[in-house]
Each structure stands twice: as C-alpha cells, then as structure tokens.
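Observations on chain architecture
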There are 4 protein chains.
Amino acid sequence: MSSKYKSLKQECYEANMQLDALDLVIYTFGNVSAVDRTNKVFAIKPSGVPYADLKPEDIVILDFENNVIEGEMRPSSDTKTHAYLYKNWENIGGIAHTHATYSVAWAQSQLDIPIFGTTHADHLTADIPCAPPMKDELIAGNYEQNTGIQILDCFKDKGLSYEEVQMVLLGNHGPFTWGPTAAKAVYNSKVLEEVARMAYLTLQINPNAPRLKDSLIKKHYERKHGKNAYYGQN
Amino acid sequence: MSSKYKSLKQECYEANMQLDALDLVIYTFGNVSAVDRTNKVFAIKPSGVPYADLKPEDIVILDFENNVIEGEMRPSSDTKTHAYLYKNWENIGGIAHTHATYSVAWAQSQLDIPIFGTTHADHLTADIPCAPPMKDELIAGNYEQNTGIQILDCFKDKGLSYEEVQMVLLGNHGPFTWGPTAAKAVYNSKVLEEVARMAYLTLQINPNAPRLKDSLIKKHYERKHGKNAYYGQN
Amino acid sequence: MSSKYKSLKQECYEANMQLDALDLVIYTFGNVSAVDRTNKVFAIKPSGVPYADLKPEDIVILDFENNVIEGEMRPSSDTKTHAYLYKNWENIGGIAHTHATYSVAWAQSQLDIPIFGTTHADHLTADIPCAPPMKDELIAGNYEQNTGIQILDCFKDKGLSYEEVQMVLLGNHGPFTWGPTAAKAVYNSKVLEEVARMAYLTLQINPNAPRLKDSLIKKHYERKHGKNAYYGQN
Amino acid sequence: MSSKYKSLKQECYEANMQLDALDLVIYTFGNVSAVDRTNKVFAIKPSGVPYADLKPEDIVILDFENNVIEGEMRPSSDTKTHAYLYKNWENIGGIAHTHATYSVAWAQSQLDIPIFGTTHADHLTADIPCAPPMKDELIAGNYEQNTGIQILDCFKDKGLSYEEVQMVLLGNHGPFTWGPTAAKAVYNSKVLEEVARMAYLTLQINPNAPRLKDSLIKKHYERKHGKNAYYGQN
C-alpha cells in the first residue's frame, strides 16, 4: 500500500470502523467518506463489505465527478450523494450515512426532530430537518446524485447553514451527517441518534412537551460554539 | 465424527451459534436448519440444548419425511415445519426460527409490518406478512407440519413469492425466515428484527406515518437485487 | 469453609451471580435462595452486598422460622418472604427476587400480564398474576412475612397452582419467581422479564391485541410440559 | 503527581470513570466532582476530555469561589453549579451530572417523576423534582451559578431536604445528583436513570397507574434509611 492517499484511506477506514464500534450499524448498513481538498478526491467505503472484513487498502478513492481514481472494489452505492455534497459544500471534510434505529424511525415518520433540550442545543440551534422523499421522476433518474440535490434544496428551503446544522434526515430513508473531518461526521451520527431517542421518549412521556426556549438554545450553543465559548480545552 | 454430513452439520452449527451472537435468542428459544438438496436431507439443532453447550456433532440429520438419518439427540420440536418448507420450496437452503423480541411483538399483534422505509425495501418490496393463528383442529392435529401449511397458505393468499419475501411472522408465535443458505436465513432474522423495531418506533412517533411510495420501493429493491444491481461486490 | 452446607451455599451463590450475568439486576437489587429440604434450611444472599464482592462463604443459612443457622452476615431484607414460601410450598427448591425493568413496570401498573403468545404459553397457561399491594396494617406489621401471605392469597384467589405458575408480580414492587432449583428460579426471572417486555410492546403496537386462544395455550404448554412432551432431551 | 490533593483527585477520577462504565454518558456528556471540606476545595473533571483519555492528574482543583487552585486544564463548563451547591449544602461530598437518556427525557418533558414503586421508595420518599427552566435574564447572566440557585429554589418551593432527596432534574437539561461521596453521587445517577425508565414504562402500560401509597413509601424508605434500618451490613 504505497498510495499517495494512504493517510486519507486510513482516516476513512478508522471512521467507518467507528460506526460499528458505536453501535450505529448492523451488517453493512452504513458508510463514511473523507475528503482531500488539495487533490480534489475523496475516500469511501467499498459497497457491501462487512466491517469485520474491511481493511484500509479496500477504501476507494474517487474524484467529485464519481470517477474511481484508485481502488479495486466498487464504491458504496451512496457514493454520488457524497460527491455531490463535497462539490457543493466546500467546508466539509467528512460525511457519514447510517441506518441507526431512532434516526431512521424519525425519517420514516417524515418529521423534523424538535429541539427539546440542551443536549440538542449543545450541537445545533434548529430542529433537525427531515427532507421530504423525492419526486418520482428524480427517483427514477440519477437517484443518488438527486439525493444530494434533495438535501441541498431542504437546507435552502429552511434557510439552514450546513456549517451549523451538520445533519439531516432523508424522509423514509435515514440520516446523513457531516463535519470538518470524517471522525466528526461519525460523532454527529452518534449525537443525532441519541437526540432522536431522547426526543422520541420525551413525546411519549409528554405529547405536549414544549420546544426549548430561545434563550436556552442560544446560551448552550454559544457556550460551546460561540466567540466566547468556554467548553473544552481550546 | 466421520459423517458424510460433516460439512452440513458444521454449516448448521455455525448458523445456530450466530443466532446467539446476534442477540436474537435467549436460552434455547430458536433453531436453524440447513439443507443438502443432493442427498435430500437437512440438518437441524437438537431440541432444548443451550447454545453454550452445542457442538457440531450434536446436530441431527433428517430426511424430508422427518425420519432421523443420523444423530443421537431428539431434533428441534419445530422440525416438521422445517421439513415441510424444504419439501415445498425447492430453492431454499436454510431456515431460521427465533423468538426475537420485536418480531414476536408484531406477531402477537397479528399485524403485517408495513413497509415504511428503505431499510425494509432494501430486502423486500412487500409488507412483512403475519400469518393468522391456525384453526383449532389443525392445532390439535399435526401441529408443526400444519404450521408449514399455514405459512404456504399465507403466501398463496397474499400472492407472495418465497424467493423474494424470505420471512414471515406466525401470528401469536414468532418469525420464520429462510434464504439460499442457513447463514442467509439468520441474516434475514436479524434484518427482520431491526425492521420490526424501526416500524414500531415509527408508529409511536407518527401513528399516521405513510407507507413508502412505490417508486422508492422499486428503486431500493432493484439497486440491490435487480438485473442491474450495483450494491455489493458481485 | 468446611460447612455441611457448602454445596447449598455454592448453588445459592451461583444462582445469585446469574442474576447479574443475565442483566436482571443493578447494584444489589435482587436476591436468590436455595433450599435443603432434608435439613429444613435454606441459603440466601446477604443483604446489600454487591455481586462483584459476593463469595460463596458469605451466603447465610437459615431455618424456616428465620433463625440464622450459619453465617456471619445479615441475610437479605426479603428473607422472611422466602422462608414463608418454602414453608408453605413444599415442592419448590429455589426462589429469586429482582427489580428487573419490564417486570417492575408491570408491577407498578398493577396489571396481570396477559398471555399474548407462545413464548408465554411455553412456560405457563395463565396470565402472570399481579398481587395487589398489601393493606396498611399488614405493611406496618411483619412486612416481609406478610408479603409471603399476600402471594399465597393471590394464588388462592385466582385458583393458580404454584407448581405450574412459577412467578408473580407484587404490585408496586416487582417479581418473585421460583422453581425446583435456584437456577430454575433465576431462569423464570429471565423468562418473565422477556415476556413482560414482549407484552408491553404488543400493547403499544396493537392496544386491542387478542389473548392467545385456548387451543394454542394448551398445545404449547403440553408439548413442553405435558405427559407426552417432546421438547428437550428428556 | 505529588499534590496534596492526590487522593481527592483520585476519588474524583474514579467516580468520573464510573459514569462511563455504567453507560450513563456518551462522549464527554457528564462530569463528577468531589469535595474536601477541610481545605474548602473541590476536584472536578476538566471540560471536554473524553473518558478514554482522562487521567487522575488532569482533574482540576478549585475553591468554592471558582478559583483554580491546582490544575493545567479548564474545568468542566458546569463548575459554577457544583461550587454553588457545595457552598450551600454543607453535608454533600460529591456531585454528578449526566445526560443519561431517560433522565433527560423526563427533564425535557418538564415533569416530576412520580413515585410508582418500591425501587423509588428505597431511595427517596418524594417524587423526583423537575426544576423549571430559568428566567431569560438569569440564563443571559451567570448561567451556571444561577443553575445552582434554580436547584435550591426548587427544593425550597417543594419543601424538600437535599439530604433525603439526592437528585433533581433541570427542566430541558438533565439530572444533577449528589451524596456523601462522589461514588454515591454516581450511584444516585444510575438509580435515577433506572427509576426514570421504570416510570416511563409504567405510564405506557397504564396511563392511570396510581402513585405508591404512603404506608409503602414509608416502609421501604425506613427499612433502608430509618433508625431501625435492617438493609445492608451496617
């Protein structure tokens, strides 16, 4: 493995293995990619390979037009969605897709996840958006690329910033998350799953549970991500 | 162990151990069989043996008329159901039965599991059928063989193909799944359990959640199983 | 440890450790006892000792009048309930008590667990009884012994046999289970917890789910416990 | 590490690691502190450090006015809440804060957890209080210290004793628990999470489930904590 993309493949491999370690996937129900902005390529999991068998050298390298640059295996069936997001959102470094249980349940419900508490507000200030299922002609067409379009349209319609809201539910399908690195994209998948579970339980206990009020949303988001943030060591 | 069925027993043993590893059973609440079409026999777990104690040589070999061909132990109490399915469905290679929690909850609800999302459509295009409980005279009769008849009747009534729909819920009882191999039958048990859990949660979040639309059902099933499938490495 | 009760203590110790291994308890929220009918004594877990610290020699031996026969430690706070059951139910060999989550939730609901499926019928033919909370004067009196009386009254009122129905929910408290051995009592605690979870989920999916019909109750119970039982190896 | 606070740091470190071992946190969603009453200082987890990386020497020592006495790292963002509680509640030795799932779901529901059973009454005789979200001007001000004020106001309003009720839910946020030691504070977080889960399930099974009656509340609390307590070995 003397590839110039060796470290990119390693980053991608490790992030994929985290999906499994964090109980976000069964079998092959997920994929993570990592981008190299300098070389305008990204690394992604090969399609249908069990995590137990996955090796760093199996990772496939593609450009943003979905041409395979390096790799013997067929890339993830969701590759074109990843490529579309990398091409259009310049500041993301990694993308994760799972079929994690609670995230999927909300996606199948076709509902945004309301912001009910500070666990949510520590990460984003908006409800977690659920993009509606695509129109039939888009499904029949270039489906995976159109999935990317669907996500961008959803963010445009709702006036959301992909740098602040690093996650989306695809109606009837499941979550996509992203971030500055592949590891951060996986982190966001785990946080989304936990927030989805908390919101589900909240509505079971109190169907009239109120949304978190604006002052608390702002306070929690700012103390972690604002100019004067005081969470963490940096 | 110089049996001519040594490899068949091994396949059956490993698939049974997977039930336990995948958290689909507690104690002895499940069984898997594997068929040898050439010799017209199948291998099945002995009845009531804990997974921790199970050994490949404990596996029992029977013909399709339920005669024991090889083995010292009594075969699974569900053996006649397996035999009936092997005899009638020529293209299946393995069968699994569990009492996995969410699958059983749907079976006890006597409801088909609606197709709510792509996780489901990646595996089958129909709602997961729930066969009604048997008539009293069939229960009092050759119960386990009649269970096989009940499954076939359910598929005939609903116009389902056992090659596409590789799973069924037995009303008030639990799931049976099958596939080209015993390992694939176990895989289908795990997928069914996860889909059952997602559908349950979906209805809790949104009791009016819509079924997945036809265009998405077709797209997801075809990209994995269609003529031009592009999922996986084959 | 040259006690004449060495093997009884060992049986009791191992059964207690199983509670922990089977995820039926956190901290010290449970206890198991085992009886020696010849010597008219029983062994029980000492009160408040974490499972990680428990040793076979810590187990306390008492007679059926709650006198400590051997042991340095204070016995479980529920000891008198165990003693009362041993004294009155001659054919039980072990008793287990836990605060397992789903069993407790049903006990707190003060509802019997309806028989919804064959997992339940494989073990007993009745709904799992929930004994009502005691009258105030009984609570203020010899509480733990009166708990035993409450259980026996519940069985008398419902016309149940303790040899067939090896489990009860104490309203607002939690489950007690028993069986021919301490290990079997623990097995029944695990089965009860799983059946409680399945019944809970069933009612969430279908609030009008029907009880299992009599023919199926009988068939499943008989094939495992009847005169012509064909489940297991004996 | 030749600090005079070496054993205090060790106590704090071990209690923090327990949060992770008990599945009460993901990532860095929690913190535990331990107090040294003689030296009027407390030890707390540094902010945003993953549990896998945490070392005893990373623990930060502060006085009750939030001045760092020892430590290179920035203390938990919730430090001022801990300091306020230590200053005002003289008999507590440790405090824990988590975002455990069921506890958070109740906090997001803005409802007290009703006392439904003896698992709850074994630990406290009151409903578990949920403090309302703060007023906007308090959120905008010294937020974390005001969180402490909010907790004390809640206890005053409800007439609760912090020595008996060793836990609170902060509306829309999550649980704080405390106790004579940091380890006991963590224990209370685990008990709260389990009681929160049981109460949630109870209401799903029976929305009209009655509160535990006073005689049983008193009996269970007294047998564990009363003058004549007979639970445990002391």
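Computed from a predicted model, the values in this text were never measured in an experiment.

Attention now goes to the pattern of salt bridges. Residues and elements named next belong to chain B. Evaluation of the coordinates by the stated rule reveals 36 salt bridges over all chains. Asp-58 is the salt-bridge partner of Lys-55, the closest N and O atoms lying 3.9 Å from each other. Residue Lys-55 is classed as partly exposed on the basis of its relative accessible area, which comes to 39%. Under the relative-accessibility criterion, Asp-58 is labelled buried at 12%.

Residues and elements named next belong to chain A. The strand order across the open sheet formed by eight strands is 4-3-2-1-5-8-7-6, and the pairing between neighbours is mixed. Sheet topology places strand 4 (68-70) and strand 6 (130-131) at the edges, where each strand pairs with a single neighbour. Bridge analysis of strand 6 against strand 7 (residues 167-170) gives two bridges, and the strand direction is parallel. Each bridged residue has a counterpart across the sheet, and for Cys-130 the counterpart in strand 7 is Leu-169. Lying over the sheet, helix 1 (residues 6-21) contacts strand 1 (30-36), strand 2 (41-44), strand 3 (60-63), strand 4 and strand 5 (94-98), oriented at roughly 155° with respect to strand 1.

So, on to the side chain of Asp-36 of chain C. Residue and element names in this part refer to chain C. The residue Asp-36 is located in strand 1 (residues 30-36) in this model. Comment: no salt bridge for buried Asp-36; closest opposite-charge side chain is Lys-4, at 6.9 Å. Leave out the neighbours within four places in its chain, and Asp-36 touches Tyr-5, Leu-8 and Val-41.

This part takes up the UniProt feature "domain: Class II aldolase/adducin N-terminal" (unreviewed entry) in chain A. Per the UniProt record, "domain: Class II aldolase/adducin N-terminal" (unreviewed entry) is annotated on residues 10-200 of chain A. Between the C-alpha atoms that bound residues 10-200 of chain A there is a distance of 36 Å. The span itself is 39% helix and 18% strand.

Let's shift gears to the relation of the copies chain C and chain D. When chain C is fitted to chain D, the best match, at an RMSD of 0.0 Å, comes from turning it 90° and sliding it 0.0 Å along the axis. As the rotation angle and translation indicate, the two copies are arranged about a four-fold axis. Taking C-alpha positions as reference, the residue of chain C nearest the rotation axis is Gln-204 of chain C, located at 5.5 Å. A share of only 6% of the interface residues of chain C reappears at the interface of chain D, consistent with the copies meeting through non-equivalent patches.

A few words on unusual backbone geometry. All names here are of chain A. Here Asp-23, not a glycine, exhibits a phi torsion of approximately 60°, which is positive. Mapped onto the elements of the fold, Asp-23 is located in the loop between helix 1 and strand 1. A relative accessible area of 68% places Asp-23 in the exposed class.

Let us now look at the interface of chain C and chain D. With 34 residues of chain C at the contact, the number on the chain D side is 36 residues. Summed over the three residues of chain C that lose the most area to chain D, namely Tyr-27, Arg-74 and Gln-108 of chain C, the buried surface amounts to 21% of that side. Where chain C packs against chain D, one counts three salt bridges. Counting every contact that joins chain C to chain D gives 23 residue pairs in polar contact (both at pLDDT 80 or more). Contributions of two or more residues to the side of chain C that touches chain D are made by helix 3 (101-109), helix 5 (136-140), helix 6 (143-158) and helix 7 (182-205) of chain C.

For the rest of this paragraph, the subject is the interface of chain A and chain D. Counting residues at the interface gives 36 residues for chain A, matched by 34 residues for chain D. Both faces considered, chain A and chain D share a buried interface measuring about 3,100 Å² in area, 55% of it formed by carbon and sulfur atoms. On the chain A side of the contact with chain D, Ile-205, Tyr-231 and Gln-233 of chain A bury the most area, a combined 20% of that side's loss. Summed over the shared surface of chain A and chain D, the result is three salt bridges.

Conventions used here
Residues numbered from 1 in each chain as written. Chains lettered and ligands numbered in written order. Predicted model: local features only at pLDDT ≥ 70, side-chain atom pairs only at ≥ 80, totals over all residues. Heavy atoms only, no water. Salt bridge = Lys/Arg side-chain N within 4 Å of Asp/Glu carboxyl O. Buried < 20%, exposed > 50% of the residue type's maximum accessible area, 1.4 Å probe, protein only. Pairing = 2+ DSSP bridges. Helix = DSSP H or I, 4+ residues; strand = E, 2+ residues; numbered from the N terminus. Contact = heavy atoms within 4.5 Å. Axes fitted to C-alpha atoms, helices over the stretch in contact; angles between N-to-C directions. Lys, Arg positive; Asp, Glu negative; His and termini not counted. UniProt positions renumbered as here; feature names shortened; annotations may be inferred. Least-squares fit on C-alpha atoms with pLDDT ≥ 70 in both. Buried area = accessible area lost by both parts, 1.4 Å probe. Polar contact = N/O pair within 3.5 Å; in protein donor to acceptor, adjacent residues only side chain to side chain.

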